[in-house]
Amino acid sequence: MNNESAKIETRDLNLFYGTTQALKSVSLSVQEREVTALIGPSGCGKSTWLRCLNRMNEMIPGVSINGGVLLDGVDIYGKSVDAVEVRKRIGMIFQKSNPFPQSIFENIAYGMRLQGINKHADLHVIVERSLRRAALWDEVKDVLKKSALALSGGQQQRLCIARALAVEPSVLLMDEPASALDPLSTSKIEDLICELKESCTIVIVTHNMQQAARVSDKTAFFFEGELIEFGATDILFTAPTKRKTEDYITGRFG
Amino acid sequence: MLTLKKKILGVAVPGLSGAAAFFSVASVFIILGIIFIGGIGNISWEFVSQAPREGMTEGGIFPAIVGTFWRVLLMSLVGVPIGTITAIWMCEYAPQNSPITRIVRFAVNTLAGIPAIVFGLFGLGFFIQFCGVEMDKMFAPEGVIQWAQPNILWASLTMSILTLPVVIVSVEEAIRNVPQELREGSYALGATRLETVLRVVLPNAVTGILTGAILAVSRGAGEVAPILFTGAAYFLPHLPEGLTDQFMDLGYHIYIMTTQSADVDGTKGVLFATTLVLLTLTFALNLAAITLRYHLRKRMIQA
Ligand SMILES: Nc1ncnc2c1ncn2[C@@H]1O[C@H](COP(=O)(O)OP(=O)(O)O)[C@@H](O)[C@H]1O
Ligand SMILES: [Mg+2]
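Residue numbers run consecutively from 1 along every chain, following the written order of its sequence. All chains are assigned letters beginning at A, and all ligands numbers beginning at 1, according to the order in which they are written. Under the rules for a predicted model, residues below a pLDDT of 70 receive no local features and side-chain atom pairs below 80 are neither given nor counted, while totals for whole chains, interfaces and linings still include all residues. The side-chain quantities take in all heavy atoms of the structure and omit both hydrogens and water.

1. A word on the interface of chain A and chain B
Then comes step 1: At the interface, 22 residues of chain A touch 16 residues of chain B.
Then comes step 2: Between chain A and chain B lies a buried interface of about 1,700 Å² when both sides are counted; carbon and sulfur atoms form 63% of it.
Then comes step 3: We define buried area as the total accessible area lost by two parts upon association, computed with a 1.4 Å probe and summed across both. When the buried surface of chain A facing chain B is broken down by residue, Phe100, Tyr110 and Leu114 of chain A rank first, second and third, together holding 29% of it.
Then comes step 4: By convention in these notes, a salt bridge is any Lys or Arg side-chain nitrogen within 4 Å of a carboxyl oxygen on Asp or Glu. Counting every contact that joins chain A to chain B gives two salt bridges.
Then comes step 5: In this structure, Lys96 of chain A and Glu181 of chain B form a salt bridge, with 3.0 Å as the shortest nitrogen-oxygen distance.
Then comes step 6: We call two N or O atoms a polar contact when they sit within 3.5 Å, provided that within protein one can donate a hydrogen and the other can accept it, with sequence-adjacent residues counted only if both atoms are side-chain atoms. Seen at the junction of chain A and chain B, the total is four residue pairs in polar contact (both at pLDDT 80 or more).
Then comes step 7: By definition, any uninterrupted DSSP run of H or I lasting at least four residues is a helix, any uninterrupted run of E lasting at least two residues is a strand, and each is numbered from the N terminus. Secondary-structure elements contributing two or more residues to the side of chain A that touches chain B are α2 (83-89), β6 (90-93), α3 (104-114) and α6 (153-165) of chain A.
Then comes step 8: Of the residues assigned to the side of chain A that touches chain B, the class counts are 13 nonpolar, three polar and six charged. Two residues qualify as a contact provided that any one of their heavy atoms is within 4.5 Å of a heavy atom in the partner residue. Here the nonpolar group is Ala, Val, Leu, Ile, Met, Phe, Trp, Tyr, Cys and Pro; Asp, Glu, Lys and Arg are the charged ones; every other residue, Gly included, is treated as polar.

2. With respect to the side chain of Thr201 of chain A
Residue and element names in this part refer to chain A.
Then comes step 1: You can see Thr201 is positioned in strand β8 (residues 201-205).
Then comes step 2: Exposure categories follow from relative accessible area, calculated using a 1.4 Å probe and restricted to protein chains: below 20% of the type maximum is buried, above 50% is exposed, and the middle band is partly exposed. Judged by its relative accessible area of 1%, Thr201 is buried.
Then comes step 3: Looking at Thr201, its side chain comes within polar contact range of the main-chain nitrogen of Arg33, at 3.1 Å.

3. A look at empty space enclosed by the protein
Then comes step 1: Residues are said to line a cavity or pocket when one of their atoms sits within 4 Å of a point; the points come from a 1 Å grid over protein atoms alone, cavities being sets where a 1.4 Å probe fits but cannot get out and pockets being open sets with protein on both sides within 12 Å along at least five of seven lines. Grid points are joined across faces, edges and corners, and a volume is the space filled by probe spheres set on the points. According to the stated counting rule, one finds one cavity of 30 Å³ or more in the structure shown.
Then comes step 2: Estimates place the volume of the largest cavity at around 50 Å³.
Then comes step 3: Met92, Phe94, Asn98, Cys160, Arg163 and Ala164 of chain A together with Gly185, Ala188 and Leu189 of chain B together form the lining of the largest cavity.
Then comes step 4: The set of elements that each furnish at least two residues to the lining of the largest cavity consists of α6 of chain A together with α7 (180-188) of chain B.
Then comes step 5: With three residues, α6 of chain A is the single largest residue contributor to the lining of the largest cavity.

4. Some points on the environment of Glu34 of chain A
Residue and element names in this part refer to chain A.
Then comes step 1: Here Glu34 is to be found in the loop between β2 (20-31) and β3 (35-39).
Then comes step 2: Spatially, the C-alpha atoms of Glu34 and Arg129 are 22 Å apart, while their sequence positions differ by 95 residues.
Then comes step 3: Those residues in contact with Glu34, other than ones at most four positions away along the chain, are Thr201, Ile202, Asp217 and Lys218.

5. A look at the pairing of β2 of chain A
All names here are of chain A.
Then comes step 1: Direction of pairing for strand β1 (residues 6-17) relative to β2: antiparallel, over a ladder of eight bridges. Its bridge partner lying in β2, Tyr17 is registered against Thr20.
Then comes step 2: Strand pairing is assigned whenever DSSP identifies at least 2 bridges connecting the two strands. The antiparallel pairing of β1 with β2 creates a hairpin that spans two residues between the two strands, and Gly18 there sits at a positive phi of about 65°.

This is the structure we're talking about:
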């Protein structure tokens, strides 16, 4: 594996929830402008690993983490690194879409307001650009002042993507972003992922192997907190080298 | 034998509990009925807009309404922010189940259980005899007592401590009802904890804060004991004009008319009417709080 061009990587990453170990020495590197999919049975640590990349786990009481997480070669858990700064550079999309109970406009503007951008004209430019990138502009351009909660589930999830894009992250983490959506909305999200990878590095957790196969360049298979196999998606799905991977992708368990 | 016992219990338990339930409901209606019938005849525009006359047998209760209004307003201005900040700290900052949070929770629960008269004594001892005396040393001209005596400020502050637990509990409930996903969404966009509290948690807890404020007001409006020694006056010819003034108060007015009246029969109608006004006020406030909370819960379920 060529670690030189890794956008983000973990080295011997261990994570404990209290005394139970959820990640066991995971070393994995994600290349720039690629889509990396994480698959594995539920509870195997996919979300946990993903949330280490933007330091979301450390807010859970009782979590302890050791090992390294490098973003552009810099350890984001280093003493001089502020978690808030890390999260501005790494966007996150959650399994359950979580728009704020505010207008569509204010949802997208949220991240920019945090950075002190408050002029309506400036905000509007970025709101429009972000909504266009998330393929939502045409559907909502006339109702920007309406509550985000009035949107459909699929639209809400694309709104969350737009909201993340507004702060120009270089990495986008997605935790089963389409698992609660209908097939049409899912395919819109998948199309979006393929477009966004031109400008972003994307890591996506999915329990849907067809989805992983459709959207990702590389796939990582997790099992019981360990990284079992990692490689190019087409190879991993057609010629896995590990027995467990084969069992999983052929549907023998999970 | 066993079946007989079961049979007896089968009749006695529902019978007794039904009777108990009936008794509770009946007493509410009897109390309300007596007050309503006794008071409604005396309620008029004059009654709520004029000062008492003729040893409180004539005129109205306007100064007491105004006094009660100012003291619950002052109380809320102090108590609601303090209670809200405490609740925010307990929910968002303090480590859960740490000794310090348990101490604070214990203190809040204890505060809720202290008899109201004790707050009155505390107000007298702490606010008037300590804070007031010290303030006079600093601000008042030599020999003049400005702050070291009962006034509306000390009464309101005493009341805000009494109602603090009500505010804290309501706001806590509202804050805990703010979905965790919203906080995570905010953090993931690079918000600090403070920014998340101010921009996500608080706006979504506004209804709960309002509910807390209303419940505190409705609790505080009816309490007399805490203001007995800290600011309420028997009769005042003028309305309170500043923080160092004393004030008339609805609950205290009822107490005075009941215990100190020279003409018991003459004050009776006014007494009932005052009670009716106070009860209506408290009910209206509780109703507002319940309605708010209902909407809060409904919104939560929909979200
Ligand atoms: N907040 C938490 N506290 C304690 N244990 C957790 C927490 N989150 C996840 N876990 C545990 O860690 C393991 C990995 O969970 P997770 O990363 O969510 O798995 P996945 O996303 O692959 O389904 C599971 O056994 C889960 O029960
Ligand atoms: Mg998961």
